[in-house]
There are 4 protein chains.
Amino acid sequence: MGNSFGELFKVTSFGESHGSCVGVVVDGCPAGLPVTGEDIQKDVDRRKPGGGAAATRRVEEDRVEILSGVFNGITTGAPVCFLVWNKDIDSSEYEKTRYLLRPGHADYTAFMKYGGFNDFRGSGRFSGRITVGWVMAGALARKLLRLKNIEVLAHTVEIGGIKAAPRDFDEIKEKVESNILRCADPAAASEMEALIEKARAEGDSLGGVIEGIARNVPVGLGEPVFDTLDGALAKAMLAVPAVKGVEFGAGFSAAGKRGSENNDPFTVADGEIKTLTNNAGGVLGGISNGMPIVLRVVVKPIASIAQNQQTVNIKTLEKANLAVRGRHDVCIVPRAVVVIEAMMAVTLCDFAMRAGIIPGVIK
Amino acid sequence: MGNSFGELFKVTSFGESHGSCVGVVVDGCPAGLPVTGEDIQKDVDRRKPGGGAAATRRVEEDRVEILSGVFNGITTGAPVCFLVWNKDIDSSEYEKTRYLLRPGHADYTAFMKYGGFNDFRGSGRFSGRITVGWVMAGALARKLLRLKNIEVLAHTVEIGGIKAAPRDFDEIKEKVESNILRCADPAAASEMEALIEKARAEGDSLGGVIEGIARNVPVGLGEPVFDTLDGALAKAMLAVPAVKGVEFGAGFSAAGKRGSENNDPFTVADGEIKTLTNNAGGVLGGISNGMPIVLRVVVKPIASIAQNQQTVNIKTLEKANLAVRGRHDVCIVPRAVVVIEAMMAVTLCDFAMRAGIIPGVIK
Amino acid sequence: MGNSFGELFKVTSFGESHGSCVGVVVDGCPAGLPVTGEDIQKDVDRRKPGGGAAATRRVEEDRVEILSGVFNGITTGAPVCFLVWNKDIDSSEYEKTRYLLRPGHADYTAFMKYGGFNDFRGSGRFSGRITVGWVMAGALARKLLRLKNIEVLAHTVEIGGIKAAPRDFDEIKEKVESNILRCADPAAASEMEALIEKARAEGDSLGGVIEGIARNVPVGLGEPVFDTLDGALAKAMLAVPAVKGVEFGAGFSAAGKRGSENNDPFTVADGEIKTLTNNAGGVLGGISNGMPIVLRVVVKPIASIAQNQQTVNIKTLEKANLAVRGRHDVCIVPRAVVVIEAMMAVTLCDFAMRAGIIPGVIK
Amino acid sequence: MGNSFGELFKVTSFGESHGSCVGVVVDGCPAGLPVTGEDIQKDVDRRKPGGGAAATRRVEEDRVEILSGVFNGITTGAPVCFLVWNKDIDSSEYEKTRYLLRPGHADYTAFMKYGGFNDFRGSGRFSGRITVGWVMAGALARKLLRLKNIEVLAHTVEIGGIKAAPRDFDEIKEKVESNILRCADPAAASEMEALIEKARAEGDSLGGVIEGIARNVPVGLGEPVFDTLDGALAKAMLAVPAVKGVEFGAGFSAAGKRGSENNDPFTVADGEIKTLTNNAGGVLGGISNGMPIVLRVVVKPIASIAQNQQTVNIKTLEKANLAVRGRHDVCIVPRAVVVIEAMMAVTLCDFAMRAGIIPGVIK
């Protein structure tokens, strides 16, 4: 029963990797927002495999259909249902190795939790494919956020140990789509691409780090003490398959800092209170402080690898070896960038509504 | 409206630092659990300032009162209300500097969100003091978890850049309370203590990292795709004041690893499926996999420091300098260990109930 | 944001009367339940206009499609999405009278709440048509309840002032589908049908009362003090379009009774505690007591009538007259019977799961 | 886990009849609202036994204490905790008859649900006494509603079959507190009082009907299709001990009406759209339509009666006779009026916040 996210902008996800479709219902989207399939399609297309070294060979058209909640191109206040049909399904590999637990995958936990009834094909409900639904919801959220001038942007800052040089927001925005890795540092991107090529050749995979930034977020988003903005964002981030950690602002580096270094001094600029630095990552006491929200998530290397791995047959409890076949990415980081953006947008939109900043009717 | 946490074991927090009390209501605690004030008091006492270099000089008796939900020493199924009264309150310092925003604190965001009506004394609702309530709820949760043999343990693994050597669970359990820093590596603890003494002398503060471990968690806790176990734990962790990041298992180090290194191979031990390594930190696909849940949180250096800092008067918008007086810890990490344990326990208890592992009546 | 119902068996509704489809997502359906489209279709077919005097002339095939959550004919634990496509859409009448508020309809409130962006065609989101989705969810819930031998049954007990004679459960079950009015008293049914014919001739409409009964509900369903079983059922009932009241057991007649009459004496039968009477309607203190759950709802006469009515043009604020054309039922009671059953089943299933009576995996 | 009510104005109830206290936490109360204990005390005092024929002889001072969320007499945005201590506790009668199930009470269901661990003294959690907490929350809600000119008023319209003559809002408001029965028709009130005296003499009890009205509710409250305003009100009403049914506007009488009678024609008055009649009770399609919200609830006769009743000993399963002693009301209706008002206010306040009509900060 955990397939809904958000309180006022409530996203309910459905669909499986090799089922008939992947979809999402957004309940609480304000009435009066112009929305076309094309608006949504853009982000869905960005999420598709890029064709480069990193990507899967499964090719889905992923044509966005709007099933409800939009009338004459404008949201009505009713639940919005978006859906894409699954078409390029090849489940044959999965049938063959059905009971061999793929290391690093949810095969074991899903089997145990759902009594073996889970749809195992292409990881079923645990596939990255279901994030198509989230990206559709995110595209809707971003349209709403833009009405308040709030921008959400994510980019690749590390792959396989290779780190991108820091860039400012405008530079990132300009460069992030200039290469297939969604890395705003082209030199690092080249290195990353070479490393990915190498990993593929070795039948291996790579992880990395994505940074997400939200700009022009007003002061006051977040509902302490438990529904904090950073807590909700963290929960959203960890829902993204393969994400294993999240940090805000200075993050883990704050462990080695002193208070005098880490505190962000307040100042006044253009009549508004700002901080001189942003070690807080835009959140103080669980509430946005008007500075950019800055977070980083770690994405583990893709679990499906061609190399032989030790595992177990869950039916027989016999040990086995498994080399995962099928059509997989080598490094999901560049595609996950789009999902990170989507889930940040969904979360921010929900909190903006809770704070009364986005109204129930757009006029 | 964000002061409740959990679905079936639902914790509602109330109280302020300098108000009359700090309390908590736990709705959904199973009936039939023996509970005494002493059971709860133990954890509350552990959270109190230790008297060492790191600690505040505010001394509260923090006597646990059970206001409801327990009859003849046994839970009744009705909401359990725990409360401690605030006694040693000295708000004088806060009155003097009421409008000077303390860098790193929630003064600014709270003022903006609540229109300046927030109780500013001792950080009010944003004080670490309110976590007394969470620790009381956590003590209750831990009693329930122990019925299923689930243990939750946290310890200090880093302060101000000094890192503790790794220890196994039993060693940590044995040593964690042997020093005031709750660090299972006594040598590192000595260094940390010296560093804290130095920081105090300089009017500065320190942050660190806490590791939380839960052992004997059964397979199947977590409600994908959004109410994942790790996502809920992350949200719980980020509610703890000063926490700025959380990671599971290999965490951020996974960014530099290959899939072949990071995947945990499956094996069979004593007829049960286990993994040979635990880079996943006990969670796969948002669901516990039977291995220990391992997470680490970063705790930023305490924001209240005696050094002069640049800030702004929120009434006049004039720049100002501020040296925070009052009674503060230098490093909150050792005390936060108890809060991390509590919030992990609360989260695990909620998910154990959602998975039907802890029943509605204890027999 | 109110389009979800339930906590553990969570139903999310989407779709509009004249949009592309009507659907539902059920999150929390246990894994392991065999489900075919046919299982669901049966209840959907019962909800369709019966062809008699009472019914609309809109004819929809209402072919149930299972979009997710079922694999190889068995639920997987993932969200189940059911959908029927809208086909027989004729919106012409609605366009003509778009701004004329139909008395008794939600035209005015929907226009005001959603800023005039609501889909007005065929009442859009406020049409009885969206209950197709609820009936699909209800069919799923009933399958789960049947595993525990719990039966849900509703029937017509009054139309336009004509009351059916009381019948016991088995008699109702046997006779309810024997006439088009779903009334277990055939004599009363004949009178009702004549009255409906008369009302239709006069361009008028009729209301009535439906009784819902659930048998074999175990003791213990309900979560006081606010999530009571009767409270949740009442909320579910009032969501059904045209329902304006609900009562349990003796209901409103209890106002004229004495405690000595109204109290149900306890007794023991076959080793189980029962009550001799059932004025409580199966609920004491918000918790099921093992006796049949008995409720009655009042269904107002259909608002769409062919007679001239006084109204207002919401654009011009000018008074106007309106005779509602389009394809409408004269009395919705017989079709609402199926929706009442569905919403009772959904509610009971949710509470059975909350009480741990229906497990997370069906074996 | 059902002890919270509301989404944005969230009320959490705790305490028992014979425990140490009865309390409530209100999470989501806007900051900036002046509140004193006296404001809240007024409604609490109204709920106390009136001293007349109908009332219990238990006398509690019920002194309201504000434990949190109010600073300098103004709400801070933090959770507000109100509490009254229980003082006049006499549990002796309950101990003696502990295992004899009182007919009409929740003894049996509570015992079964909570494994016999429920606090049985004075009905524990199922006592009308816990509604003191709700009345405190309601008093807070009413203060917020008054800022928008929304008034909530309830009154006795029937006791033991004696019905009050209809009165208009202002008349009710003027007369409701003029007699101990809270009945705006003094002649009927006299008859009711005589009947109560008779019932008391016979060791019996009486039920009745309460009407609740909310005036000046703006158009647009309610979140279809499931969180309807009437549905939420119905759920709130059924939480009130002894309430067994609820109806809106014409209610059950609509079953005998034709659409042409029951539809409320629209008109324009002072530039606003109104209806000429109010059979809808102020709700269309689950959304308030600007007309007064009018509901009626049936209150069953008090279950505790001095007459001998047949029952069962739950420990031995032997049949027994029971005459309930202790200190009980004969007719709870007049006191329940205050609770109905409170729960209406809490519900309306929550929906007004959801509709953005009551802001997060009162200025």
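Calculation rules
Residues numbered from 1 in each chain as written. Chains lettered and ligands numbered in written order. Predicted model: local features only at pLDDT ≥ 70, side-chain atom pairs only at ≥ 80, totals over all residues. Buried ≥ 20, exposed ≤ 12 C-beta atoms within 10 Å, placed from the backbone. Helix = DSSP H or I, 4+ residues; strand = E, 2+ residues; numbered from the N terminus. Pairing = 2+ DSSP bridges. Contact = placed C-beta atoms within 7 Å. Nonpolar A, V, L, I, M, F, W, Y, C, P; charged D, E, K, R; others polar. Expected span 1.5 Å × (residues − 1). Axes fitted to C-alpha atoms, helices over the stretch in contact; angles between N-to-C directions. Least-squares fit on C-alpha atoms with pLDDT ≥ 70 in both. Parallel < 35°, antiparallel > 145°, perpendicular 65-115°, else oblique. Left-handed = near helix turned anticlockwise from the far one by under 90°.

Enquirer: Can you walk me through the pairing of strand β11 (residues 243-248) of chain B in this structure?
Expert: Burial within β11(B) is extensive, with six of its six residues counted as buried. Sheet topology places strand β11 (residues 243-248) of chain A next to β11(B); three bridges connect them, and they run antiparallel. Each bridged residue has a counterpart across the sheet, and for E247(A) the counterpart in β11(B) is G245(B). Pairing of β11(B) with strand β16 (residues 293-299) of chain B involves five bridges; the strand directions are antiparallel. For G245(B), the partnering residue across the bridge sits in β16(B) and is V298(B).

Enquirer: Which parts of the structure should I look at to understand the interface of chain A and chain B?
Expert: Buried accessible area, meaning the area lost when the parts come together, often serves as the stated size of an interface. Contacts between chain A and chain B engage 87 residues on the former and 87 residues on the latter. Elements that contribute at least two residues to the side of chain A that touches chain B include exactly β1 (4-5), α3 (107-113), β10 (208-215), α7 (229-239), β11, α8 (259-262), β12 (266-269) and β17 (309-312) of chain A. Classifying every residue of the side of chain A that touches chain B gives 41 nonpolar, 31 polar and 15 charged.

Enquirer: Where do I start with helix α4 (residues 131-147) of chain D in this structure?
Expert: Structurally, the α-helix is built with 3.6 residues per turn, so residues lying three or four positions apart point the same way. All names here are of chain D. The end-to-end C-alpha distance of α4 is 24 Å, a good match for the 24 Å that 17 residues give at a rise of 1.5 Å each. Among the 17 residues in α4, 14 count as buried, and that is most of the element. One or two steps after α4, the chain reaches N149, where phi turns positive at roughly 70 degrees.

Enquirer: Quick question: what am I supposed to make of the sheet that holds strand β4 (residues 65-68) of chain D here?
Expert: Remark on secondary structure: sheet strands pair via backbone hydrogen bonds, oriented parallel or antiparallel. Residue and element names in this part refer to chain D. Taken in spatial order, the five strands make up an open sheet running β1-β2-β3-β7-β4, and their pairing is antiparallel. Of all strands in the sheet, those with a lone pairing partner are β1 (4-5) and β4, marking the two edges. Two strands pair when backbone bridges link them, and β1 and strand β2 (residues 10-15) are joined in this way by two bridges, in the antiparallel orientation. Along β2, the bridge assignment pairs S4 with T12. Relative to the sheet, α4 contacts β2, β3 (21-27) and β7 (80-85), its axis offset from that of β3 by approximately 35 degrees.

Enquirer: In this structure, what is going on with the interface of chain C and chain B? I would like to understand it.
Expert: The interface is formed by four residues belonging to chain C together with four residues belonging to chain B. Of the residues in the side of chain C that touches chain B, the class split is two nonpolar, two polar and no charged.

Enquirer: How should I be thinking about the relation of the copies chain C and chain B in this particular structure?
Expert: Two chain copies, one operation linking them: a rotation about an axis together with a shift along it. Between chain C and chain B, which share one sequence, the superposing operator has a rotation angle of 180 degrees and an axial displacement of 0.0 Å; the RMSD is 0.0 Å. These values place the two chain copies in the arrangement generated by a two-fold rotation axis. Among all residues of chain C, the one whose C-alpha sits closest to the rotation axis is G356(C), at a distance of 3.5 Å. A symmetric contact is evident, with 100% of the interface residues of chain C recurring at the interface of chain B.

Enquirer: Just checking my understanding: could you explain the packing of α4(D) against helix α9 (residues 333-354) of chain D for this structure?
Expert: Packed helix pairs are characterised by how far apart their axes lie and by the angle those axes make with each other. Residue and element names in this part refer to chain D. Contact geometry of α4 with α9 gives a least axis separation of 7 Å together with a crossing angle of 50 degrees. One finds that α4 runs oblique with respect to α9. For the pair α4 and α9, the sense of crossing is left-handed. Residues T131, W134, V135, A137, G138, A141, R142, L144 and L145 of α4 touch α9, and the partners they reach there are V338, V339, E341, A342, M343, A345, V346, L348, C349 and A352.

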